[in-house]
Amino acid sequence: MNWVTIVLGVLLFLAPFVTGYSGTPWALWTSLILGAGIAFLGYKKSYKAAAIVGLIVFLAPWVFGFGAVAGAALSCRLLGGAVVLLAGYKGFFGQESTEAGRIQHQGA
């Protein structure tokens, strides 16, 4: 699953150059910084954190005011939404959350 999160992060990082919104500073830097962050979190297998960053990416067009830039808004909604769904499922409902619960239960 971590490779899917890494690929989604890399796609978000490359999106400004592929879809042509590299001239919009807020959209560009949001994609570059958060895309690299998602890829790194996927590499570290931190799915809960990746899901939270994915939610920030999904909401970024409205929060940072670049919702009118079609390529940026669509990229953030699609890729951020995919990260939220996939990494969120793995982090909050998958094996990672089950193992964390077992570790806490055994330590108590």
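Residues numbered from 1 in each chain as written. Predicted model: local features only at pLDDT ≥ 70, side-chain atom pairs only at ≥ 80, totals over all residues. Heavy atoms only, no water.

Caption draft 1: Highlighting the nonpolar core. Core analysis: the biggest nonpolar cluster contains 20 residues, and Leu-12, Ile-38, Val-53, Val-57, Phe-66, Val-83 and Ala-87 have the highest contact counts within it. Listed by contribution, the elements that provide at least two residues to this core are helix 1 (2-19), helix 2 (25-43), helix 3 (47-63) and helix 4 (70-93). Looking at this core, the element that brings in the most residues is helix 3, giving six residues. Once you skip the residues sitting within four places of it in the chain, Leu-12 turns out to touch Ser-31, Leu-34, Gly-35, Ile-38, Val-57 and Leu-79. (Core = buried A, V, L, I, M, F, W, Y, C linked by side-chain atoms within 4.5 Å. Buried < 20%, exposed > 50% of the residue type's maximum accessible area, 1.4 Å probe, protein only. Helix = DSSP H or I, 4+ residues; strand = E, 2+ residues; numbered from the N terminus. Contact = heavy atoms within 4.5 Å.)

Caption draft 2: Local environment of helix 3. For helix 3, which comprises 17 residues, the first-to-last C-alpha distance of 23 Å matches the rise-based estimate of 24 Å (1.5 Å per residue) to within 8%. Val-57 marks where helix 3 bends most, by close to 25°; the proline Pro-61 follows one to four residues later. All buried positions along helix 3 are accounted for by Tyr-47, Ala-50, Ala-51, Val-53, Gly-54, Val-57, Ala-60 and Pro-61. Looking at the residues trailing helix 3, positive phi occurs at Gly-65, about 80°. (Expected span 1.5 Å × (residues − 1). Bend = angle between axes of the 7 residues up to and from the residue.)

Caption draft 3: Inspection of unusual backbone geometry at higher detail. Phi angles above zero are rare outside glycine, and Lys-45 is one such case at about 60°. Secondary-structure assignment places Lys-45 in the loop between helix 2 and helix 3. Given the relative accessible area of 48%, Lys-45 is considered partly exposed.

Caption draft 4: Focus on the side chain of Ser-31. Residue placement: Ser-31 occurs in helix 2. A distance of 2.6 Å separates the side chain of Ser-31 from the side chain of Tyr-21, its partner in a polar contact. Setting aside anything within four residues of it in sequence, one finds Ser-31 in contact with Leu-12, Phe-13, Pro-16, Tyr-21, Ala-36 and Cys-76. (Polar contact = N/O pair within 3.5 Å; in protein donor to acceptor, adjacent residues only side chain to side chain.)

Caption draft 5: Local environment of the packing of aromatic side chains. Per the counting criterion, the structure on display carries three aromatic pairs. Seen in terms of ring centroids, Trp-26 and Phe-64 are 5.0 Å apart; in terms of plane orientation they differ by 15°. Their pairing is stacked. Here the residue Trp-26 occupies a position in helix 2, and Phe-64 occupies one in the loop between helix 3 and helix 4, the gap between them amounting to 38 residues. When the centroid spacing of 6.3 Å and the interplanar angle of 35° are considered together, the rings of Tyr-89 and Phe-93 count as tilted. (Phe/Tyr/Trp six-rings, centres within 6.5 Å; stacked < 30°, edge-to-face > 60°.)

Caption draft 6: Representation of the packing of helix 1 against helix 4 within the structure. Relative to each other, helix 1 and helix 4 sit at 175°, their axes nearing to 10 Å. As far as their axial angle goes, helix 4 and helix 1 are roughly antiparallel. Note on element contacts: helix 4 touches helix 1 through Gly-71, Ser-75, Leu-79, Ala-82, Val-83, Leu-86 and Ala-87, opposite Val-4, Thr-5, Leu-8, Leu-11, Leu-12, Ala-15 and Thr-19. Its residues placed into classes, the contact of helix 1 with helix 4 shows ten nonpolar, four polar and no charged. (Axes fitted to C-alpha atoms, helices over the stretch in contact; angles between N-to-C directions. Parallel < 35°, antiparallel > 145°, perpendicular 65-115°, else oblique. Nonpolar A, V, L, I, M, F, W, Y, C, P; charged D, E, K, R; others polar.)

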